[in-house]
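# Observations on the three-dimensional arrangement
For reference, the chains in residue letters:
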Protein chains: 4
Amino acid sequence: MPGYRFICPIQVRYGDLDPQGHVNNAGILTYIEQARITYLQKLELWNGTSFLDLGLIVADVHVSYLAPIYLNQNVQAGMRVSRIGNKSLIFEYALEDGATHTPLAKGEALMVAYDYHQKTSIGVPEDWREKIARFEGIVAHS
Amino acid sequence: MPGYRFICPIQVRYGDLDPQGHVNNAGILTYIEQARITYLQKLELWNGTSFLDLGLIVADVHVSYLAPIYLNQNVQAGMRVSRIGNKSLIFEYALEDGATHTPLAKGEALMVAYDYHQKTSIGVPEDWREKIARFEGIVAHS
Amino acid sequence: MPGYRFICPIQVRYGDLDPQGHVNNAGILTYIEQARITYLQKLELWNGTSFLDLGLIVADVHVSYLAPIYLNQNVQAGMRVSRIGNKSLIFEYALEDGATHTPLAKGEALMVAYDYHQKTSIGVPEDWREKIARFEGIVAHS
Amino acid sequence: MPGYRFICPIQVRYGDLDPQGHVNNAGILTYIEQARITYLQKLELWNGTSFLDLGLIVADVHVSYLAPIYLNQNVQAGMRVSRIGNKSLIFEYALEDGATHTPLAKGEALMVAYDYHQKTSIGVPEDWREKIARFEGIVAHS
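A brief look at the structure comes next. Per-chain numbering applies: the sequence of each chain, read as written, is numbered from 1 onward. For this description, chains carry letters from A and ligands carry numbers from 1, given in the order in which they are written. Only residues with pLDDT of 70 or above have their local features reported here, since the model is predicted, and side-chain atom pairs are shown and tallied only from 80 upward, although totals for entire chains, interfaces and linings are computed over all residues.

### Description of the relation of the copies chain A and chain B
For clarity, the threshold we go by: Superposition of the copies used a least-squares fit over C-alpha atoms from residues whose pLDDT is at least 70 in both. A pair of residues counts as a contact when their C-beta atoms, built from backbone coordinates, are within 7 Å of each other.
With an RMSD of 0.0 Å, the fit of chain A onto chain B corresponds to turning through 180° and sliding 0.0 Å along the axis. The superposition operator between the copies reduces to a two-fold rotation axis. Looking at the rotation axis and the C-alpha trace of chain A, the residue lying nearest is A:His62, at 2.2 Å. Most of the interface of chain A is mirrored in chain B, where 100% of its interface residues again form contacts.

Written out as structure tokens, the structure reads:
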């Protein structure tokens, strides 16, 4: 998937389908979340178990639905951080068919750095900037 | 909820909660869908049973998450059509706490008029324009 | 609903439906969970917010599906504790159509008393026995 | 997984987790459904797309929860038909950790042969008996 260094395969479930026979629109957010959670672990920004240390809260999402997603479809989710701000990050994502490369959905999410212990937003930690910038090949402007 | 003539109560479920103890971000789209589906039935644009006659497909959604939603919270979803185009409609929505009127989420969805029998987009039917314009007190520009 | 002192209304969602146009079989467990969680709060066995104090873990469930559940159906969930053991309780439940009283599903769940702080099963607390026995009109055998 | 000729890997999602930090009890039914749907396609009992031809409806399920399921866990679902009756089949299933072989859940489902076009139960088709009996190495008693 051009432009994405991180790709997460998604297993489409019968339980994701709605009466129209394709994946329900809300399910796409679950796919995107799955890719984001996997990305965080891949970059060692979260350990996958201590939920109060997750470090991000969703502030804003946008999804464009480009094609229906069906059962048994080979869905690949691309995920990248496109911008690192003082207290937030922008994640961009795209879903495509892994076999035909048909675009299925795309969008972005504004994620705010968050301390679930203190229940307050925080600055993006310095090591996050470094790890993400290194992985993505972007410049972290703090 | 000022600006909304249609309000749909939402029952928050334990099953909507994620490890952070509040409603998962994808669940908000399910709430919004529920309000939209109820709106369509209220205005007699859909009968609630024949899914191939549903008449709309989601093209694009945007959600701003304004406050966490908790179990037992009295959630009210406002839903309105703000624009009727040739082949699509814009639905605007807002979630708030029914007791405190705290805003919880807001956003909009671009819905394309769709014929699930023929699997093709269609023009917004004339009776939809009339019913929506009458309910919302807006001018339907076709 | 004869035999049930606790009834919880369930809001059927479009998001609960599967390609067959009725509520997916897994969704029934979510409905039952919702009734159980509400029951626990009604009897003041849980406060609804501190999840480590929830006090029960599911060990075993059984569901009989008696009729399909549709969108807009008026679903009522009956919930009762039928037996209080040393370390577990049996919850019985039934779903019915609130208008026609058609039975929709029924079953039971074996719930083990559990301390999520210590991650260990515990004895059923004495005040649980008293509160449940009083509400249900049963004898708590410890 | 001893005793199972059909194994389906399950991708655990963040969206499956509940406030206790493990997969919600209702999610297990979704996993089991996914294994069953995949089994039906593997044995060419369903083509994966025409939902009115699915041929089975859930009558009764039982699940024993043996261990919590966590994010990132390697979950394998075993699925088999243990009995073929005149109008129904019994599916047995087990979930285990693919790395440690720790049992996670097990149970069975009574599935009734069903014609969604006519909305009526039917006899188990003869070719189903043959295909299942051949795959499972069991005797189909009709």
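### Structural notes on the environment of D:Leu95
Residues and elements named next belong to chain D. The condition is simple: Counting from the N terminus, the helices are the DSSP runs of H or I reaching at least four residues and the strands are the DSSP runs of E reaching at least two. Exposure classification rests on a simple neighbour count of other C-beta atoms within 10 Å of a residue's own: a residue reaching 20 or more is buried, one at 12 or fewer is exposed, and one in between is partly exposed. C-beta atoms are placed from the backbone.
Looking at where Leu95 falls in the secondary structure, it is placed in strand β4 (residues 88–97). Take Leu95: there are 29 C-beta atoms within 10 Å of it, and that puts it in the buried class. It is 9.5 Å that separates the C-alpha atoms of Leu95 and Pro9, two residues lying 86 residues apart in sequence. In contact with Leu95, not counting residues within four places along its chain, are Tyr31, Val75, Ala77, Leu104 and Ala105.

### Things to note about the interface of chain D and chain B
One frequently used descriptor of interface size is the decrease in accessible area upon assembly of the parts. Rules: Amino acid classes used here: Ala, Val, Leu, Ile, Met, Phe, Trp, Tyr, Cys and Pro are nonpolar; Asp, Glu, Lys and Arg are charged; the rest, including Gly, are polar.
Contacts between the two partners involve seven residues from chain D, matched on the other side by seven residues from chain B. The residue makeup of the side of chain D that touches chain B, split by class, is three nonpolar, three polar and one charged.

### Focus on the packing of helix α1 (residues 25–42) of chain C against helix α1 (residues 25–42) of chain D
Quick note on the threshold: Orientation is described by axes fitted as lines to C-alpha atoms, over the contacting stretch for helices, and by angles from 0 to 180 degrees between their N-to-C directions. Any angle between 65 and 115 degrees counts as roughly perpendicular, while under 35 counts as roughly parallel, over 145 as roughly antiparallel, and the rest as oblique.
With their axes 8 Å apart at the nearest point, α1(C) and α1(D) run at an angle of 175° to one another. Classed by the angle they form, the pair α1(C) and α1(D) counts as roughly antiparallel. Mapping the contact onto sequence places C:Asn25, C:Ala26, C:Leu29, C:Thr30 and C:Glu33 in α1(C) and D:Asn25, D:Ala26, D:Leu29, D:Thr30 and D:Glu33 in α1(D). For the contact of α1(C) with α1(D), the class distribution of residues is four nonpolar, four polar and two charged.

### What to know about the nonpolar core
Heads up, the rule is: To form a nonpolar core, buried Ala, Val, Leu, Ile, Met, Phe, Trp, Tyr and Cys residues must be joined through C-beta atoms within 7 Å.
With 161 residues, the main nonpolar core has A:Ala77, B:Ala77, C:Ala77 and D:Ala77 as its most contacted residues. If we ignore the near neighbours within four places in the chain, the residues touching B:Ala77 are B:Ile7, B:Cys8, B:Ile10, B:Tyr31, B:Ile32, B:Ala35, B:Tyr93 and B:Leu95.

### Let's talk about the interface of chain A and chain B
In plain terms, the rule: DSSP bridges decide pairing: two strands pair if at least two such bridges lie between them.
Counting residues at the interface gives 17 residues for chain A and 17 residues for chain B. Elements that contribute at least two residues to the side of chain A that touches chain B include exactly α1 (25–42) and β2 (56–65) of chain A. Here the side of chain A that touches chain B is composed, by residue class, of 10 nonpolar, five polar and two charged. Here five bridges tie β2(A) to strand β2 (residues 56–65) of chain B, and the two strands are oriented antiparallel to one another. Its bridge partner being in β2(B), A:His62 is matched across the sheet by B:His62.

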